[in-house]
Amino acid sequence: DDLQWIDNASLKLLESVASCRDMPFTMIIGTYRDNEVDKDHGLTKMLLDINAKKEIVDISLSNLSSSDVSSLVATALGMDAEEVKQLSTMVETKTLGNPFFAVEFLRTIFDEDILTFNIGSFKWMWDEEQIESQFVTDNVADLLKRRL
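Predicted model only: the values in this text are computed from it and were never measured.

Asker: What is the right way to look at the environment of D22 in this model?
Answerer: In this fold, D22 is placed in the loop between helix 1 (8-19) and helix 2 (42-53). Using a relative accessible area of 72% as the deciding quantity, one classes D22 as exposed. Taking the C-alpha atoms as reference points, D22 and V69, separated by 47 residues in sequence, lie 44 Å from one another.

Asker: Help me understand a negative patch on the surface, please; the structure alone is not making it clear to me.
Answerer: A surface patch of negative charge is lined by D127, E128, E129 and E132. Inspection of the secondary structure assignment puts D127 in the loop between strand 2 (123-126) and helix 6 (128-133).

Asker: What's the story with the pairing of strand 2 in this structure? I'm lost.
Answerer: Examined bridge by bridge, strand 1 (residues 115-118) and strand 2 share 4 bridges and lie antiparallel to one another. Each residue of the ladder has a partner; that of N118, found in strand 2, is K123. Hairpin geometry of strand 1 and strand 2 is characterised by an intervening segment of 4 residues between the two adjacent antiparallel strands and by a positive phi of about 55 degrees at F122.

Asker: Just checking my understanding: could you explain helix 4 (residues 85-95) for this structure?
Answerer: Side chains three or four residues apart in an α-helix point the same way, a direct result of the helix having 3.6 residues per turn. All of the buried residues along helix 4 are L87, S88, M90, V91, K94 and T95. Summarising the axial view, the buried residues of helix 4 lie within an arc of 165 degrees, below the 170-degree limit, and thus occupy one face. Buried residues along helix 4 sit in contact with helix 3 (66-77), helix 5 (99-111), strand 1, strand 2 and helix 6. Just beyond helix 4, the residue with positive phi is L96, at close to 55 degrees.

Asker: What exactly am I supposed to notice about the packing of aromatic side chains here?
Answerer: Here the distance between the centres and the angle between the planes together describe a pair of aromatic rings. One pass over the full model with this rule turns up 3 aromatic pairs. Between F117 and W124 the ring centres are 5.3 Å apart and the planes differ by 65 degrees, which places this aromatic pair in the edge-to-face class. With relative accessibility at 37%, the residue F117 sits in the partly exposed group. Counting every residue linked through ring pairs, the aromatic cluster contains F110, F117 and W124.

Asker: What should I look at first to understand unusual backbone geometry in this one?
Answerer: For residues other than glycine, phi is negative in most cases, and the peptide bonds are mostly trans. A positive phi angle, close to 60 degrees, is found at D113, a residue other than glycine. With respect to the helices and strands, the residue D113 is situated in the loop between helix 5 and strand 1. Positive phi values are uncommon outside glycine, yet F122 reaches one of about 55 degrees. By the secondary structure assignment, F122 is in the loop between strand 1 and strand 2.

Asker: Quick question: what am I supposed to make of a nonpolar patch on the surface here?
Answerer: A contiguous nonpolar patch, built from L13, V17, M23 and I28 and spanning about 320 Å² of accessible area, is present on the exposed surface. Residue L13 is classed as exposed on the basis of its relative accessible area, which comes to 56%.

Calculation notes
- Residues numbered from 1 in each chain as written.
- Predicted model: local features only at pLDDT ≥ 70, side-chain atom pairs only at ≥ 80, totals over all residues.
- Heavy atoms only, no water.
- Helix = DSSP H or I, 4+ residues; strand = E, 2+ residues; numbered from the N terminus.
- Buried < 20%, exposed > 50% of the residue type's maximum accessible area, 1.4 Å probe, protein only.
- Patch = residues over 30% accessible without salt bridge, like charges linked within 9 Å, V, L, I, M, F, W, Y side chains within 5 Å.
- Areas by Shrake-Rupley, 256 points an atom, 1.4 Å probe, with all protein chains shown as cover.
- Salt bridge = Lys/Arg side-chain N within 4 Å of Asp/Glu carboxyl O.
- Lys, Arg positive; Asp, Glu negative; His and termini not counted.
- Charge placed at Lys NZ, Arg CZ, Asp CG, Glu CD.
- Pairing = 2+ DSSP bridges.
- Arc of directions from axis to C-beta.
- Contact = heavy atoms within 4.5 Å.
- Phe/Tyr/Trp six-rings, centres within 6.5 Å; stacked < 30°, edge-to-face > 60°.

Right, dumping it as structure tokens:
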């Protein structure tokens, strides 16, 4: 996970295991943020080297569609998609449909009491003005630092 931050020693170990001919039935699954890995990154070079010897299956994940964000928000809150339409639109706008950021954004507005559960009405409520004013980063480190 997070191979964009891999150090050189770990990169060499991963390349050694992935290239080992004595382990033909080994599957390695790794994840990285492609927007943080350029052509000069050690991971890119390693993947090209390994791909020259063995097949690598690369699965790129895209951002969630409007419908997907709506489903995510509705499911998270146990509500119908129509009931969370405004909130879903704001979450999508703020996070650009990035699944990680969408979930973290929901967690943040909950932690900051912008998204609350009203026990009396048994419904989730949110403050649209406060949500609109929320700053959203596209950097995982910034997001986690803010949560601490």
